[in-house]
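# Structural overview for review
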Amino acid sequence: MLVVSAAVVLTMLLHLALVSHFAHQQARKEAQLRLQQLSWQMRDSLNRVIGNAAANVKLLSELPQIRSVHDVDATRNALESLQRSVPEYAWIGVTDANGRLMASTGRLLEGAQVDARPWFQAGRNGLHASDYHPAVMLGKLLPKSPDPWRFVDVSAPLKNDKGEFVGVVGVHMSWQWVRKRAADLLTPALREYGAEVLVVRDDGMVLLGPEKLIETRIDTPSLRLAAKGETGSMSETGPDGKVYFTGYSRTGADGDPASLRWSILVRHSEDTALAGARVLERRMIWLSVLMAAVLAGSAVLLARRLTRPMDALSNAIELAAHETDAGRPAPAIPVVAGFHEAQVLSQAMRELVRSEEAHRQALETMNLQLESTVALRTAELQALLLRDVLTGLPNRRALMETLPDAMERSARSGKPCALLFLDMDGFKTVNDTHGHEEGDELLRQFGSRIAEAVRRTDTVARLAGDEFVVILENLAHLGDAEDKAQSLLASLRQPYALKNATVSVGASVGVALHLPGDAADLEAWLARADQAMYVAKRGGKNAVALAPPAQRTAA
């Protein structure tokens, strides 16, 4: 029984060592995975903001009132309108070809000569994002801030109708937006654990991070890997000598002057990451010691309870054998009290059942998780089946599911709805002249322009090829549908800036109204809009045609 007790203690110690090892390993893996995901989120957020800024600057450079500053007030109003919609833009300005500032938000620096500024020099050659830098001229003019003003600039050239360089438009984005995104990224729980986000420039200078590291240079293994464009997580020793778990990634794209190449590091210390596992380890040590002591004591007590009845039984058997040898009748074997085989068996069975129950619950939990995962993936696949791959708009299948709902809502509300069938005019010419990639980009921009021109409650779908459909609901007047089609047609006639060319196309639009009393025949409704579109196309294209009224339902 002493050997058995020693074996129990050794087993508990081995079990503790294994659990401790795997607990630490799992804690490390989860911490590194979480930090890597946070690094990706910060990278994607920064790329998205810089990309949006580049798109806005590109759009500004194409506006007539920006390309030609004949009316300074109108130009300034356009710049300030953009600034109000995007608070991160601390300052926006437009210069002439010589670098003289013609108009700016808040009239700051108007008339100043900025031809030596990096954003102007870079913007002369094309759309460009300038890296993190301090405020040289604007620092004294902008409102006071708790942190010193730092900017990231995006600029682009201005060209007249002849393609001649006439100036530069530039946006100064305050560095506060990066700080805000880092603060939003780290939840209170992560900040409590000491998680930190570092944004590092190519020269190793820390642009965002702990206050003591800002605008100082660091060199760590994770930074070197991120600088090569790699992404992942690792354990490393930081500049302060502490061991950190660090997730790393890289922003921007090689060869794209309109993006910025920063290394994103998200880290927290190894001690913090493993604190929970170490607490569990200490608790398991005490629990194991207690369990070993209890089991050893129980084994001794059980041995005594077993040997006493067995001794009594052995004596009774020896007495019976002696009496038999002497020729006398053997006494009856007494029933030994205290020998609890049934009780021991029941306890063993109970432990077995308890173990099986634990295994069953674990399997049920795994099954529920699997069912949830399958349901989630099924929903994602269903959503993909209802989306057009090229434009991201609802496809024909989604449209056919939406049309009956639109007719039902029209019947309930008593308000008419309309179906706009649009067919792009000139798409084949663009596709044949500039290639399929440019044709695909034209379809994406065409669909995006339709979606931007209608209400959020309206539905825009790509039917097939260069055919699109719009469902307008809750119309106040019957003429609203044709008015919306005319305004939409005017928007679609505007030029499209593709990757290698700027093209102009039109559209033929067929409008089919659905009144609350019309028959709920979606195929007929769609066919009326299609026929009206062909009427517009046969009439010379780039026009709107109204379909005849639908058949009314019986009262």
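Residues numbered from 1 in each chain as written. Predicted model: local features only at pLDDT ≥ 70, side-chain atom pairs only at ≥ 80, totals over all residues. Heavy atoms only, no water.

## Structural notes on the pattern of salt bridges
- Applying the stated criterion across every chain yields a total of 18 salt bridges.
- Close ionic contact of Arg-76 with Glu-110 constitutes a salt bridge, the shortest N to O distance being 2.9 Å. Taken together, the residues span a long stretch of sequence, with Arg-76 in helix H3 (residues 72-85) and Glu-110 in the loop between strand S2 (101-104) and helix H4 (118-123) at a distance of 34 residues.
- Under the relative-accessibility criterion, Arg-76 is labelled buried at 5%.
- Judged by relative accessible area, Glu-110 falls into the partly exposed class, the value being 26%.
- Because the salt bridges share partners, they merge into one network encompassing Asp-73, Arg-76 and Glu-110. (Salt bridge = Lys/Arg side-chain N within 4 Å of Asp/Glu carboxyl O. Helix = DSSP H or I, 4+ residues; strand = E, 2+ residues; numbered from the N terminus. Buried < 20%, exposed > 50% of the residue type's maximum accessible area, 1.4 Å probe, protein only.)

## Things to note about the side chain of Ser-263
- Considering the arrangement of structural elements, one finds Ser-263 in strand S10 (residues 263-269).
- Residue Ser-263 is classed as buried on the basis of its relative accessible area of 1%.
- Separated by 3.1 Å, the side chains of Ser-263 and Arg-250 make a polar contact.
- Sequence-distant contacts of Ser-263, that is, excluding residues within four places in its chain, are made with Leu-198, Val-199, Val-200, Leu-223, Ala-226, Ala-227, Ser-249 and Arg-250. (Polar contact = N/O pair within 3.5 Å; in protein donor to acceptor, adjacent residues only side chain to side chain. Contact = heavy atoms within 4.5 Å.)

## So, the pairing of strand S5 (residues 165-174)
- When you tally the buried positions in S5, you get eight out of 10 residues, the bulk of the element.
- Sheet topology note: the strand S4 (residues 150-159)/S5 ladder contains nine bridges and is antiparallel. From the neighbouring strand, Ser-155 faces S5, where its bridge partner is Gly-170.
- In this antiparallel pair of consecutive strands, S4 and S5, the connection spans five residues, and Gly-163 shows a positive phi of 85°. (Pairing = 2+ DSSP bridges.)

## Section: unusual backbone geometry
- A positive phi angle, close to 60°, is found at Arg-107, a residue other than glycine.
- Locating Arg-107 in the fold gives a position in the loop between S2 and H4.
- Judged by its relative accessible area of 52%, Arg-107 falls in the exposed class.
- One non-glycine residue, Leu-109, lies in positive phi territory at about 65°.
- Following the sequence through the fold, Leu-109 ends up in the loop between S2 and H4.
- On the basis of relative accessible area, Leu-109 is assigned to the buried category, the value being 18%.

## Considering the confidence of the model for the protein
- In the predicted model, the protein carries a mean pLDDT of 82, and 83% of its residues have values of at least 70.
- Predicted confidence for residues 342-350 stays below pLDDT 50, and this span has zero contacts to residues more than four positions away or in other chains. (pLDDT = per-residue confidence, 0-100.)

## As for the environment of Asp-73
- Its place among the elements puts Asp-73 in helix H3.
- Sequence spacing of Asp-73 and Ser-104 is 31 residues, and the spatial spacing of their C-alpha atoms is 9.6 Å.

## Remarks on the packing of aromatic side chains
- Applying the stated rule across the entire model yields three aromatic pairs.
- Here the aromatic rings of Phe-446 and Phe-468 are separated by 5.3 Å at their centres, their planes lie at 45°, and the arrangement is tilted. Residue Phe-446 is found in helix H13 (residues 436-453), and its partner Phe-468 is found in strand S13 (residues 467-472); the two are separated by 22 residues along the sequence.
- Judged by its relative accessible area of 0%, Phe-468 is buried.
- Every member of this aromatic cluster is reached through a ring pair, and the members are Phe-446, Phe-468 and Tyr-496.
- The lysine or arginine in question, Arg-267, covers the ring of Tyr-244, its NZ or CZ lying 4.1 Å from the ring centre.
- In this arrangement the basic side chain of Arg-449 is found over the ring face of Tyr-496, its NZ or CZ atom lying 3.8 Å from the centre. (Phe/Tyr/Trp six-rings, centres within 6.5 Å; stacked < 30°, edge-to-face > 60°. Lys NZ or Arg CZ within 6 Å of the ring centre and 35° of its normal.)

## With respect to the sheet that holds strand S9 (residues 243-250)
- Pairing is antiparallel in the open sheet, where five strands are placed in the order S7-S6-S10-S9-S8. The sheet is open, and its two borders are formed by strand S7 (206-208) and strand S8 (232-237), each paired with just one other strand. Each neighbouring strand pair of the sheet contributes to a mean axis angle of 35°, computed without reference to strand direction. (Axes fitted to C-alpha atoms, helices over the stretch in contact; angles between N-to-C directions.)

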